Amino acid sequence: MKTFPWCSALSVLALTATVASGGNNVWTTHGPYGGDIRALAVDPTNPATVYAGTYHGGVFKSTNAGASWKAVNTGLTNLYVLALAIDPTNPATVYAGTYAGGVFKSTNGGASWKAVNTGSTNLYVYALAIDPANPATVYAGTYAGGVFKSTNGGASWKAVNTGSTNLYVYALATDPTNPATVYAGTDGGGVFKSTNAGASWKAVNTGLTDLYVLALAIDPTNPATVYAGTYHGGVFKSTNAGASWKAVNTGLTRRRVYALAIDPANPATVYAGTWGGVFKSTNRGASWKALNTGLTNLWVLALAIDPTNPATVYAGTWGGGVFKSTDRGAGWEAVSTGLTGLLVRALAIDPPNPATVYAGTGGGGVFKSTNGGASWKAVNTGLTNLDVWALAIDPTNPATVYAGPWNGGVFKSTNGGASWKAVNTGLTNLYVFALAIDPTNPATVYAGTLNGGVFKSTNRGASWKAVNTGLTSPRVYALAIDPMNPPTIYAGLWSTGVFKSTDAGASWKAVNTGLTTDYVWTLAIDPTNPATVYAGTYAGGVFKSTNRGASWKAVNTGLTNLYVCTLAIDPMNPATVYAGTGGSGVFKSTNRGASWKAVNTGLTSLYVYALAIDPTNPATVYAGSGGGVFKSTNAGATS
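Small disclaimer: the values here were computed from a predicted structure and weren't measured.

So, how was this worked out
Residues numbered from 1 in each chain as written. Predicted model: local features only at pLDDT ≥ 70, side-chain atom pairs only at ≥ 80, totals over all residues. Heavy atoms only, no water. Helix = DSSP H or I, 4+ residues; strand = E, 2+ residues; numbered from the N terminus. Buried < 20%, exposed > 50% of the residue type's maximum accessible area, 1.4 Å probe, protein only. Contact = heavy atoms within 4.5 Å. Areas by Shrake-Rupley, 256 points an atom, 1.4 Å probe, with all protein chains shown as cover. Polar contact = N/O pair within 3.5 Å; in protein donor to acceptor, adjacent residues only side chain to side chain. Pairing = 2+ DSSP bridges.

**Considerations on the overall build of the chain**
Moving on, step 1. Within the chain one finds zero helices and 58 strands.
Moving on, step 2. Along the first, second and third principal axes, the C-alpha set of the chain runs to 75 × 45 × 45 Å.
Moving on, step 3. Sorting the 639 residues of the chain into buried and exposed places 64% on the buried side.
Moving on, step 4. Restricting the contact set of the chain to residue pairs at least 6 apart, pairs at least 24 apart contribute 47%.
Moving on, step 5. Counting only carbon and sulfur atoms, one obtains 50% of the accessible surface of the chain, whose full area is about 21500 Å².

Here it is in structure tokens:
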């Protein structure tokens, strides 16, 4: 699993904000639709009702079999949902397991939620399972805390880990005919089994050559048959209740298995959600076949089957939202309308045509809007990695757009995103966090990378060369070019602060006097007075320099969250500055950072990773968040 600092995809805490109606003075969103879907659950008595747990946007609910979705997060104070479970006897009762927030429970079909964590000492909940014979008994699998059990519907919990030597639990499954039998899949410890409802556990790993178990599924008609999906080794099968395992991977060309689902009407049919799409076996795992027609996102993290009509299958993807098949996986259709759970890390506005906006997303690639965010369309042809961290538009030829994806290097489009091509010659590090174009000579492009420092191209990306002389860290998270003197460039580094080059990257020098934190996430330069530079930092808030980085001073009055992920300056009135934070939304300063005030009305996701201002109408501001793109047409009203 990738881990990054606070302003990244794996931010921990999440808060909710009041939803406001559309109009000026508030933030509104129209997508892009999709999301990082970690869990799916179908109501067993009313299968038109489906729940989706997203990693950034909380829980979404569809009452029309996925045709449309609506966020149902009232009371859900942590929007990072990793697991869902529905009470089979009372489907209005739903449990959600969250990253760092523990278990939440709804007794009204998601209309409201309440944290139910009494007695639980670990709030990182990766898996949930309900005793089918006694639904008041609920199990929670946690990261580093093992298994917790509740016998009163979540009112209280108790750790039940006797005999378990691995407390990192990613998957749980209960035997439908003998619920005292419970299986737990762990991170590095393989499968553990309890035959006494969790009172004690025993490792059952004979033949299991990959001990990183991400998914479990039990044959409902023959519970001695158990399947395990693993991180490296594909699918393993046991026909003797875990006593021994055998790999069953014929035809399974992608061996990282995140989800498993068994057809309840025909258990010979098994589905596997992998890092390469959906695979299906019709002979109990003896052989597999990829079924990805129409599945435009192949990173499948969750699966669910309609119990009353098993021809209907849902797949939850990383960044691509929910897909649905009504023919047992033969064909898929995206069904994410209204699902605003997509992480947006980067934004870019076409300077001469500001109604055209690009959004770089986590797992969904690049989206484009040509109507000011009213609607969005994925533009990913040729883009082989859909985890996009940076975007930049050529100011003299806006049809030319650059995208920096995670482990993909730099991609370039010369037709407004219609198609992309990798331009990585000489780029020896493909983890791109920042892009910047010389405004006076757009043939010159800079890329900031995770472990390779700064790279420079003088031929529009055709080739690159590392320009790191003087840099003391290879982790470059931010770049900013002086618009009036482009040989001057600033780089924000992770662990060594701000560096400055006055010779177009040929050499760098640390400029950190007064900067009390070395972790810089974002940079912004006053377009009318480039001696003024702002730096957004990890845990230190905003710092300001009025002498081109020679010295810095913290400017955090009113800024109640010091994890600053992004900054933007009003190009017509540089006294107005915006800061996007990791957990408290957007703050606005109208006095060059001297003081700040939150402007969050309507902003339902308070993790803001990107900001962009309409250059022709600076009252229009876009915010990229864990819940898609939000737009304010009055520069963000005070919340």
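**Structural notes on the side chain of Lys 412**
Moving on, step 1. Of note, Lys 412 is situated in strand E38 (residues 411-413).
Moving on, step 2. Within the local environment of Lys 412, its side chain forms a polar contact with the backbone oxygen of Arg 460, the two atoms lying 3.0 Å apart.
Moving on, step 3. Setting aside residues up to four positions removed in sequence, Lys 412 forms contacts with Thr 400, Val 401, Tyr 402, Ser 419, Trp 420, Lys 421, Val 423 and Arg 460.

**Description of unusual backbone geometry**
Moving on, step 1. Put simply, Gly 31 and Pro 32 share a cis peptide bond, and its omega is 0°.
Moving on, step 2. Checked against the element boundaries, Pro 32 lands in the loop between strand E1 (27-29) and strand E2 (34-35).
Moving on, step 3. For Arg 460, which is not glycine, the phi torsion reads 60° and is therefore positive.
Moving on, step 4. Tracing the sequence through the fold places Arg 460 in the loop between strand E42 (454-457) and strand E43 (465-466).
Moving on, step 5. A relative accessible area of 36% means that Arg 460 is categorised as partly exposed.
Moving on, step 6. Phi at Ala 539 takes a positive value of approximately 75°, unusual for a residue other than glycine.
Moving on, step 7. The residue Ala 539 is located in the loop between strand E49 (533-537) and strand E50 (541-545) in this model.
Moving on, step 8. Its relative accessible area of 37% is what places Ala 539 among the partly exposed residues.

**Re the environment of Ile 218**
Moving on, step 1. For Ile 218, the location among the structural elements is in strand E19 (residues 213-218).
Moving on, step 2. Residue classification places Ile 218 among the buried residues on the basis of a relative accessible area of 12%.
Moving on, step 3. On a C-alpha basis, the gap between Ile 218 and Val 160 in space is 21 Å, while along the polypeptide they are 58 residues apart.
Moving on, step 4. In contact with Ile 218, not counting residues within four places along its chain, are Ala 173, Thr 174, Asp 175, Pro 176, Tyr 183, Pro 223, Thr 225, Val 226 and Ile 262.

**Some thoughts on the pairing of strand E57 (residues 621-625)**
Moving on, step 1. Most of E57 is tucked away: five of the five residues are buried.
Moving on, step 2. Both faces of E57 are covered, namely the face carrying Val 621, Ala 623 and Ser 625 and the face carrying Tyr 622 and Gly 624.
Moving on, step 3. Sheet topology note: the E57/strand E58 (residues 628-632) ladder contains five bridges and is antiparallel. Bridging from a neighbouring strand, Ser 625 pairs with Gly 628 of E58.
Moving on, step 4. Hairpin geometry of E57 and E58 is characterised by an intervening segment of two residues between the two adjacent antiparallel strands.

Honestly, it's all geometry; don't read function into it.
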